[in-house]
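# Structural overview for review
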Amino acid sequence: MNSNKERVLKNRVVVFFGPPGVGKGTITTRLAKEFGCRTISSGDLLRENVKGGTDLGNQAKKFMDSGGLVPDQLVTRMVMAGLEKTEGCVFLDGFPRTIVQAKELAAYLEERNWKLLVIDLEADDEFLMARLTGRLVCGNCGAIYHQVNLLPKKEGVCDVCGGGLYRRADDHPDVVATRLSVYHQQSAPLRDYYQELGLMVTLRGDNFLDKTLAAVRDVLVNIS
Ligand code: AMP
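Here's what I pulled together on the structure shown here. (Residues numbered from 1 in each chain as written. Predicted model: local features only at pLDDT ≥ 70, side-chain atom pairs only at ≥ 80, totals over all residues. Heavy atoms only, no water.)

## Structural notes on the environment of Y193
Along the chain, the position of Y193 falls in helix α9 (residues 189–197). Separated by 101 residues in sequence, Y193 and L92 have C-alpha atoms that sit 17 Å apart. Those residues in contact with Y193 that sit more than four places away from it in its chain are I99, A102, K103 and A106. (Helix = DSSP H or I, 4+ residues; strand = E, 2+ residues; numbered from the N terminus. Contact = heavy atoms within 4.5 Å.)

Below is the structure:
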């Protein structure tokens, strides 16, 4: 079964698109291994750079802290460098977020003769605000929990790897409000762009996790 899934997704990028908190990180973390894909999360890569005090991290930090987008050129270069090292299949979490980024990605994929599919996840702002302001993240493996809906077995400890859980600074309500508004203004127009190209499937991101995972699996196994 597994090798079949891997074959189906060969030389393909699957973009997980949608507003902050819709579940892109949770879904890619849960399904990447099953489908033999590598996940590249632009947010995770940026946070690693901030933590490591790199030039990129220092330039990106102020945008991330405020809930705004990091300039296209910085993010695109970083994600492309990740794609360069990859063969097979990639899940992209959080990239592209602007039309400029989408066009760069399209040019790159065309050059490599790779296919693209966009899974667009949707949920309303009120739901996303509640989800993000209660979110807990494992500092070690990145697994995601929620203080009400998805509790770890032991408080403050990751079920997967035993790492400590923390709250992201940008999950503060004021910053979440900015992130949602940035999504509507700068990222949501990408839905029309991908819709017109016939590359996008839209699914609800506010169902129970198992239902959402089943819906995404269904799209991925039936991909042509
Ligand atoms: P995320 O973990 O995807 O919610 O991203 C966290 C933050 O990183 C965002 O609020 C942005 O500041 C920045 N970021 C992540 N991906 C991108 C992107 N594709 N373009 C611009 N900024 C990004």
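## A short note on unusual backbone geometry
Trans is the prevailing form of peptide bonds, just as negative phi is the prevailing case for residues other than glycine. The omega angle of the peptide bond from F95 to P96 is 0 degrees, so this bond is cis rather than trans. Examined against the element boundaries, P96 turns out to sit in the loop between β3 (89–93) and α6 (99–112). Positive phi outside glycine occurs at N11, with the angle close to 55 degrees. A positive phi angle, close to 60 degrees, is found at N113, a residue other than glycine. Position of N113 among the secondary structure elements: in the loop between α6 and β4 (115–122). Given the relative accessible area of 65%, N113 is considered exposed. (Buried < 20%, exposed > 50% of the residue type's maximum accessible area, 1.4 Å probe, protein only.)

## Observations concerning the sheet that holds strand β6 (residues 144–146)
Read across the open sheet, the three strands follow the order β6-β5-β7; overall the sheet is antiparallel. Every other strand in the sheet has two partners, leaving β6 and β7 (165–166) as the edge strands with one partner each. Pairing of strand β5 (residues 135–138) with β7, which is carried by two bridges, proceeds in the antiparallel orientation. By the bridge assignment for β7, V137 is matched with Y166. (Pairing = 2+ DSSP bridges.)

## Some points on helix α3 (residues 42–51)
Every buried residue of α3 is accounted for by S42, G43, L46 and N49. Each buried residue of α3 lies within a common arc of 125 degrees when the element is viewed along its axis, so the set occupies one face. Opposite the buried face of α3, at more than 90 degrees from it, the exposed residues are E48 and K51. The secondary structure elements touched by the buried residues of α3 are β2 (38–41), α4 (55–66), α5 (72–84) and β3. The first or second residue beyond α3 is G53, which carries a positive phi of 65 degrees. (Arc of directions from axis to C-beta.)

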